[in-house]
Every structure is written in structure tokens, then in C-alpha cells.
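Listed below, chain by chain, are the residues.
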Amino acid sequence: QVQVVESGGGLVQPGGSLRLSCAASGTINNIYIMGWYRQAPGKQRELVAQVKSDGTTNYADSVKGRFTISRDNAKVYLQMNSLKPEDTAVYYCKAVTWDPATSWGQGTQVTVSS
């Protein structure tokens, strides 16, 4: 079993930066993908960025060039720069194992506003 916990959300002005962190615990050697999703009020949850065990990454078009995902074994980070109001959402960490099984974090709120 894998558990993930997010942290690092908060209130930031447009153009500012935040770094989100996700820590996984449990059978971490089985993790295949770690990624970040977000969900704004009234909208569906969407993929923001993910990194696979081979190091490959992919990003939503809306965040390319602004966000960077990185992984250090059982930890994954999302560096968010040049934040925009439309980035406001609850951000969730996700871990997918080879079993396969999926684990979600509780979410962390990111609010971009003046």
C-alpha cells in the first residue's frame, strides 16, 4: 500500500511562485508514476504534470514552460512559476504502482489572486 501527502499550497499573487511537495510512504518501490492533478470548483479534475519511473515527464499544455515536476524516489515536487488566477484549484498528488493501484492525497489549496 502507498500513501501520499501533499503540502505547500497557499495564497500567492499573480506572477508569483509556489512549490508543492508530495511525500509517499508504504511500498514505494512499486511506484510507477507520480503526478499532480488539480480541480477547480465546478470543473473536472485534470492532469497537471506527471513523471514516470524512467524519468519521462509530461505536462498539461496550460502549464508548459511555467511548471516543473521533479521526483526524488518517494517524493515529488511541483515548482509553479508565473502563476495565473486560472491556476487556482485544489492540487492533488497521485501515485500509481505496478500492481496496479492508485493512491491520492488529500489535496492542497492553491489560490492565485491579488
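Just so it is clear, the model here is predicted, and its values are computed rather than measured. (Residues numbered from 1 in each chain as written. Predicted model: local features only at pLDDT ≥ 70, side-chain atom pairs only at ≥ 80, totals over all residues. Heavy atoms only, no water.)

1. As for the pairing of strand S9 (residues 89-97)
Next, step 1: Burial of S9 is extensive: 8 of the 9 residues sit out of reach of the surface.
Next, step 2: Where strand S4 (residues 31-39) meets S9, 8 bridges bridge the pair, whose relative direction is antiparallel. Across the sheet, the residue bridging to Ile-31 is Thr-97, located in S9.
Next, step 3: Here 3 bridges tie S9 to strand S11 (residues 108-112), and the two strands are oriented antiparallel to one another. Residue pairing in the sheet places Val-90 in a bridge with Gln-109 of S11.
Next, step 4: Judged from the 4 bridges that link them, S9 and strand S10 (residues 101-104) form a sheet pairing that is antiparallel. Across the sheet, residue Thr-97 finds its bridge partner in S10, namely Ala-101.
Next, step 5: Linking S9 to S10, which pair antiparallel, is a turn of 3 residues. (Buried < 20%, exposed > 50% of the residue type's maximum accessible area, 1.4 Å probe, protein only. Helix = DSSP H or I, 4+ residues; strand = E, 2+ residues; numbered from the N terminus. Pairing = 2+ DSSP bridges.)

2. Description of the state of the cysteines
Next, step 1: Within this structure, the stated rule accounts for 1 disulfide.
Next, step 2: Disulfide partner of Cys-22: Cys-93, at an S-S distance of 1.9 Å. Negative torsions about the S-S bond denote left-handed disulfides, and the value of about -80° found for Cys-22 with Cys-93 makes this one left-handed. A residue pair is termed long-range when its members are at least 10 positions apart, and Cys-22 in strand S3 (residues 18-26) and Cys-93 in strand S9 qualify at 71 residues.
Next, step 3: Under the relative-accessibility criterion, Cys-22 is labelled buried at 2%. (Disulfide = S-S within 2.5 Å.)

3. Some words on the pattern of salt bridges
Next, step 1: In the structure shown here, the tally under the stated rule is 4 salt bridges.
Next, step 2: Between Arg-38 and Glu-46 there is a salt bridge, with its nearest N and O atoms 2.8 Å apart.
Next, step 3: A residue is classified by how much of its surface remains accessible, and Arg-38, at 6% relative accessible area, is buried.
Next, step 4: Among the salt bridges present, the one from Arg-66 reaches Asp-87, with a minimum N-O distance of 2.8 Å. Here the residue Arg-66 occupies a position in the loop between strand S6 (57-59) and strand S7 (67-72), and Asp-87 occupies one in the loop between strand S8 (75-80) and S9, the gap between them amounting to 21 residues. Asp-87 shares its class with Arg-66; the two are buried.
Next, step 5: Overlapping salt bridges bring together Arg-38, Glu-46, Arg-66 and Asp-87 as one network. (Salt bridge = Lys/Arg side-chain N within 4 Å of Asp/Glu carboxyl O.)

4. Quick look at the pairing of S8
Next, step 1: Note that S3 and S8 share 6 bridges and pair antiparallel. If you follow Ala-23 over to S8, its bridge partner there is Lys-75.
Next, step 2: By the bridge criterion, 6 bridges tie S7 to S8 in an arrangement that is antiparallel. From the neighbouring strand, Thr-68 faces S8, where its bridge partner is Gln-79.
Next, step 3: The hairpin turn running from S7 into S8, its antiparallel successor, is 2 residues long, and Asn-73 in that turn takes a positive phi close to 55°.

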